[in-house]
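# Breakdown of the fold
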Amino acid sequence: LMDIGSMRQRIILQKHILHTDEIGNHQSHWEKFYSCFAYVNLASGKENVTDIETLSEDTLVFILRWCEKLREINKKQYRILFENEVYNIICVDDVQFTHKKLKLTAVREIRGGKNEQTGDI
């Protein structure tokens, strides 16, 4: 069973959107897709992630309650905002394919001087 009480951290999932303006210029930005409470913890070993060799303290695991809207989450178009930091998703796991909880493994993005909260790239 899932301990709902352990899901105390507010996160925001953002989706990458590409728009074309009236004269054909491409503009991309991040917009809020979904906000919820999650269980957040340091990733605890290489078994969690297959496409990177080492895990650092900048790699977190986010566990969310499953809902239908989360079905489309993928590591290419989505990212996580957590405690004013941006985390790029590297693994999406529908735990045991039961549609009860979703485990997202994500790496903190090293940022420049821009305010990522605004969604500007």
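Above this note sits the structure.
Presented here is an overview of the structure given in this document. (Residues numbered from 1 in each chain as written. Predicted model: local features only at pLDDT ≥ 70, side-chain atom pairs only at ≥ 80, totals over all residues. Heavy atoms only, no water.)

## Let's talk about the packing of aromatic side chains
What counts here: Each Phe, Tyr or Trp ring, with Trp reduced to its six-membered ring, pairs with another whose centre is within 6.5 Å; inter-plane angles below 30 degrees give stacked pairs, above 60 give edge-to-face pairs, and intermediate values give tilted ones. For the purposes of this entry, the term helix denotes a DSSP run of H or I that reaches at least four residues, the term strand denotes a run of E that reaches at least two, and both are numbered from the N terminus. Note on classification: 1.4 Å probe, protein chains only; a residue is buried when its accessible area is under 20% of the maximum for its type, exposed when over 50%, partly exposed between these limits.
In total, this model carries 4 aromatic pairs according to the counting rule given. Here Phe62 and Phe82 contribute two aromatic rings whose centre-to-centre distance is 5.6 Å and whose plane-to-plane angle is 85 degrees, an arrangement assigned as edge-to-face. Note that Phe62 is positioned in strand 3 (residues 59–65) and Phe82 in strand 4 (residues 78–82), a separation of 20 residues in sequence. With a relative accessible area of 7%, Phe82 lands in the buried category.

## Topic: the sheet that holds strand 5 (residues 85–94)
Inclusion rule: Any two strands with at least two DSSP bridges between them are considered paired. Here an axis means a line fitted to C-alpha atoms, over the contact stretch when the element is a helix, while the angle between two N-to-C directions is reported on a 0 to 180 degree scale.
Strands sit in the order 1-2-3-6-5-4 around a closed barrel of 6 strands; the barrel is antiparallel. The sheet shows a mean angle of 45 degrees between the axes of neighbouring strands, direction not considered. Examined bridge by bridge, strand 3 and strand 6 (residues 101–108) share 7 bridges and lie antiparallel to one another. Its bridge partner lying in strand 6, Leu64 is registered against Leu102.

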